[in-house]
Amino acid sequence: MTREEIIKLLDIVSATYPHAKIKDPSALVSAWELVLGDFSAESVYKATRYHLETNKFFPSPSDIRDNIVRAEMVYKPSI
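Criteria and cut-off values
Residues numbered from 1 in each chain as written. Predicted model: local features only at pLDDT ≥ 70, side-chain atom pairs only at ≥ 80, totals over all residues. Heavy atoms only, no water. Helix = DSSP H or I, 4+ residues; strand = E, 2+ residues; numbered from the N terminus. Rg over C-alpha atoms; globule rule 2.2 N^0.38 Å. Buried < 20%, exposed > 50% of the residue type's maximum accessible area, 1.4 Å probe, protein only. Contact = heavy atoms within 4.5 Å. Areas by Shrake-Rupley, 256 points an atom, 1.4 Å probe, with all protein chains shown as cover. Lys, Arg positive; Asp, Glu negative; His and termini not counted. Charge placed at Lys NZ, Arg CZ, Asp CG, Glu CD. Core = buried A, V, L, I, M, F, W, Y, C linked by side-chain atoms within 4.5 Å. Salt bridge = Lys/Arg side-chain N within 4 Å of Asp/Glu carboxyl O. Axes fitted to C-alpha atoms, helices over the stretch in contact; angles between N-to-C directions. Parallel < 35°, antiparallel > 145°, perpendicular 65-115°, else oblique.

Caption draft 1: Focus on the overall build of the protein chain. What the protein chain contains, in helices and strands, is four helices and zero strands. Ordering the α and β elements of the protein chain from the N terminus gives α-α-α-α. Over its C-alpha atoms the protein chain spans a radius of gyration of 12 Å, differing by no more than 12% from the 12 Å that the globule rule assigns to 79 residues. The C-alpha extent of the protein chain, read off along each of the three principal axes, is 40 × 25 × 20 Å. Within the protein chain, the fraction of its 79 residues that count as buried is 30%. Contacts in the protein chain between residues far apart in sequence, at least 24 positions, make up 69% of those at least 6 positions apart. Summed over its atoms, the accessible surface of the protein chain is roughly 5,200 Å², and 58% of this surface lies on carbon and sulfur atoms. Separation between the mean location of the 10 positive side-chain charges and that of the 11 negative ones in the protein chain comes to 7 Å.

Set out below in structure tokens:
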């Protein structure tokens, strides 16, 4: 996943959780890139969707990483 893709994803997440206070957006992007940069954007987007649908709180990158396998099973590609 590229830094640009992470920025776009975090824009979506931030809009979903407007109460979340982001102190340093650049550091937040860097943390997500460090943890999620080796995964495909598709996998991370699925995992983020899963989080948005099941959690009330702003996710950490580890929350998203932990959801990747589960989200791949829930959001199977259509054939």
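Caption draft 2: Geometry of the nonpolar core. Grouped together as the largest cluster of nonpolar side chains are 17 residues, with contacts concentrated most on M1, I6, L9, W32, V44 and I64. Contributing elements (two or more residues each) for this core: helix 1 (3–16), helix 2 (25–36), helix 3 (41–54) and helix 4 (61–74). With residues near it in sequence (within four places) discarded, V44 still touches M1, L9, L36, F39, I64 and I68.

Caption draft 3: Structural view of the environment of I7. Within the fold, I7 resides in helix 1. Spatially, the C-alpha atom of I7 lies 6.5 Å from that of V29, the residues being 22 residues apart in sequence.

Caption draft 4: The pattern of salt bridges, seen in detail. Here the structure, examined in full by the defined rule, presents five salt bridges. Linked by salt bridges that have partners in common, E42, K46 and E72 make up one network.

Caption draft 5: Fine view of the side chain of N67. Summarising the element assignment, N67 is placed in helix 4. Beyond its immediate sequence surroundings of up to four residues, N67 is in contact with A47, Y50 and H51.

Caption draft 6: The arrangement of the packing of helix 1 against helix 3 in detail. The N-to-C vectors of helix 1 and helix 3 enclose an angle of 10 degrees; their axes lie 11 Å apart at closest approach. Of the possible angle classes, the one that applies to helix 1 and helix 3 is roughly parallel. Here E5, K8, L9, I12, V13 and T16 of helix 1 lie close against helix 3, whose contacting residues are A41, V44, Y45, T48 and L52.

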